[in-house]
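Given next are the chains, with one letter for each unit.
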Amino acid sequence: MSTTTGQVIRCKAAVAWEAGKPLVIEQVEVAPPQKMEVRIKILFTSLCHTDVYFWEAKGQNPVFPRILGHEAGGVVESVGEGVTDLQPGDHVLPVFTGECKECAHCKSEESNMCDLLRINTDRGVMLHDQKSRFSINGNPIFHFVGTSTFSEYTVVHVGCLAKINPHAPLDKVCVLSCGISTGLGATLNVAKPKKGSSVAVFGLGAVGLAAAEGARISGASRIIGVDLNANRFELAKKFGVTEFVNPKDYKKPVQEVIAEMTNGGVDRSVECTGHVDAMISAFECVHDGWGVAVLVGVPHKDAVFKTGPMNLLNERTLKGTFFGNYKPRSDIPSVVEKYMNKELELEKFITHEVPFSEINKAFDLMLKGEGLRCIIRMDA
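Note that the structure is predicted; figures quoted are calculated from it, not measured.

Colleague: Sorry, what's going on with the packing of aromatic side chains here?
Modeller: As enumerated under the stated definition, the model contains 10 aromatic pairs in all. Aromatic pair F96 and F323: ring centres 5.3 Å apart, planes at 80 degrees, arrangement edge-to-face. Note that F96 is positioned in the loop between β5 (91-94) and α2 (104-107) and F323 in the loop between β15 (317-320) and α10 (328-340), a separation of 227 residues in sequence. On the numbers, 4.6 Å between centres and 20 degrees between planes, the contact of F233 with F244 is stacked. Separated by 11 residues along the polypeptide, F233 in helix α6 (residues 232-236) and F244 in strand β12 (residues 243-245) bring together distant segments of the chain. F233 sits in the buried class, given a relative accessible area of 13%. In textbook terms, an aromatic cluster arises when at least three aromatic residues are bridged by ring pairs, as seen for F96, F322, F323 and Y326.

Colleague: Is there a simple way to think about the sheet that holds strand β14 (residues 292-295) in this case?
Modeller: Strand pairing in a sheet relies on backbone hydrogen bonds. The paired strands run either parallel or antiparallel. Pairing is parallel across the open sheet formed by 6 strands, whose spatial order is β12-β11-β10-β13-β14-β15. Since the sheet does not close on itself, it has two edges, and those belong to β12 and β15, each with one partner. Taken over all neighbouring pairs, the strand axes of this sheet differ in orientation by 20 degrees on average, direction set aside. Where helix α4 (residues 179-191) meets the sheet, its contacts fall on β13 (268-271), β14 and β15, and the angle it forms with β13 comes to roughly 145 degrees. Sheet strands touched by helix α8 (residues 276-284): β10 (198-202), β13, β14 and β15. Its angle to β13, the strand with the most contacts, is close to 170 degrees.

Colleague: Explain the state of the cysteines to me, please; I cannot follow it from the model alone.
Modeller: A covalent bond between the sulfur atoms of two cysteines is what we call a disulfide. Considering all chains together, one arrives at 0 disulfides under this definition. Left unpaired, C178 is separated from the closest cysteine sulfur, that of C48, by 3.9 Å. A residue is classified by how much of its surface remains accessible, and C178, at 6% relative accessible area, is buried. C272 provides the cysteine sulfur closest to C285, a residue in no disulfide bond, and the two sulfurs are 12 Å apart.

Colleague: Sorry, what's going on with helix α7 (residues 254-261) here?
Modeller: Turning to α7, its buried residues number three or more, namely V254, Q255, V257 and I258. Buried residues along α7 cover an arc of 155 degrees about the axis, so they all sit on one side. Lining the buried residues of α7 we find β10, β11 (222-226), β12 and α8. Directly beyond the C-terminal end of α7, a positive phi value near 60 degrees is found at N263.

Colleague: I tried to follow the sheet that holds strand β7 (residues 139-141) on my own but got confused; where do I start?
Modeller: In spatial order, the strands read β1-β2-β6-β7; together these 4 strands make up an open sheet with antiparallel pairing. Single-partner strands in this sheet number two, and they are β1 (9-15) and β7. Ignoring strand direction, the axes of neighbouring strands in this sheet form an average angle of 50 degrees.

Colleague: Hey, could you run me through the nonpolar core in this one?
Modeller: Nonpolar side chains tend toward joint burial in soluble globular proteins. Core analysis: the biggest nonpolar cluster contains 106 residues, and F150, V173, L176 and L346 have the highest contact counts within it. Counting residues in each nonpolar core, the second largest holds 15 residues, with V226, V254, A278 and V286 among its members.

Colleague: Please explain the environment of R232 as it appears in this structure.
Modeller: Within the secondary structure, R232 sits in helix α6. Judged by its relative accessible area of 33%, R232 is partly exposed. Counting along the chain gives 139 residues from R232 to G371, while the straight-line C-alpha distance between them is 9.7 Å. Apart from residues no more than four positions distant in its own chain, R232 is found in contact with L204, G205 and D227.

Colleague: Can you walk me through the side chain of S181 in this structure?
Modeller: Topologically, S181 is positioned in helix α4. For S181, a relative accessible area of 0% puts it in the buried group. Once residues lying within four places of it in the same chain are set aside, the contact partners of S181 are L176, A186, F323, G324, Y326, I332 and V335.

Colleague: Even after reading the chapter, I still don't get unusual backbone geometry, so can you show me in this structure?
Modeller: Most peptide bonds adopt trans geometry, and most residues besides glycine take a negative phi value. The step from F64 to P65 runs through a cis peptide bond, and the omega angle for that step is -10 degrees. You can see P65 is positioned in the loop between α1 (49-56) and β4 (71-79). At V145, a position not held by glycine, the phi torsion is positive, near 40 degrees. Checked against the element boundaries, V145 lands in the loop between β7 and β8 (153-157).

Cut-offs used in this document
- Residues numbered from 1 in each chain as written.
- Predicted model: local features only at pLDDT ≥ 70, side-chain atom pairs only at ≥ 80, totals over all residues.
- Heavy atoms only, no water.
- Phe/Tyr/Trp six-rings, centres within 6.5 Å; stacked < 30°, edge-to-face > 60°.
- Helix = DSSP H or I, 4+ residues; strand = E, 2+ residues; numbered from the N terminus.
- Buried < 20%, exposed > 50% of the residue type's maximum accessible area, 1.4 Å probe, protein only.
- Pairing = 2+ DSSP bridges.
- Axes fitted to C-alpha atoms, helices over the stretch in contact; angles between N-to-C directions.
- Contact = heavy atoms within 4.5 Å.
- Disulfide = S-S within 2.5 Å.
- Arc of directions from axis to C-beta.
- Core = buried A, V, L, I, M, F, W, Y, C linked by side-chain atoms within 4.5 Å.

Here it is in structure tokens:
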């Protein structure tokens, strides 16, 4: 049994004290896990655009001081009351959404939107007692999406932890706890392209390239990448993208361009930008009769999707997805196995690495649009 079990742990964490200001490495106290909670030692974490979005806090409720971070890999240090399927030493990926295994969504084969543990970006406390497990000199520091991985130790609800193969390298598979699984699952689980089919991917950031990787794994013969940034096209070839369309190069709507390229439209499309115009284009560029468009990107809360009803009546299908339709506890371990079996390549998503002390460099890289994923080494 760990000597720290049941004790408060003092460790380093990167604290966001206010919106848009550099994170500060502080000594924090991390309380022991309570009922249905697990305390984990984070070994690697990575920066996702969602962290930057809530750090900037331009369009949401500002919740500060806060420990951000939600893409990570770690090891269980201790477990709270009622936790039976994890024990100290287990390797886990914390996930921003969860799987209680008891609600109607968790019991459904079609949904991964757990009633209890669905993402809540405004909540800065744990569900059990509505309190934070982090503090500095007795003052609470708020949690972020139930994970708060920019800390050497964090406390997470057991339903938000995927227990994975202990031989999987955490510095690689940590990226599966958010963006990569979201894009990959949007293609594999929702769009489901057939071998030899055509797929258009809108937005070639990390999530879009993961969607392209899903199309590559599925055996799609044409993968058309759509992006306003031509600099992304060369890198996208590594992810199976075969053709590129920059909407700025045409005077007509990009859906018309794609329809002409593909004799009436692509078989599947995946939209990863969150811009409503791209969503409409992604839907209208799929072939009538069998085309399926999947929306992944999160739009502005006031955005409205407009299309002619005949586009639907002509047997096009529009779907949405959340976290690639993966249930965190049930499904993510098998995605890790895809990597272990060399079906899925993760190294190409990881373009930078920084020590924890230089975490603000990762923010700088993302704000400049450089690279895909930056791994933050907690021990360095």
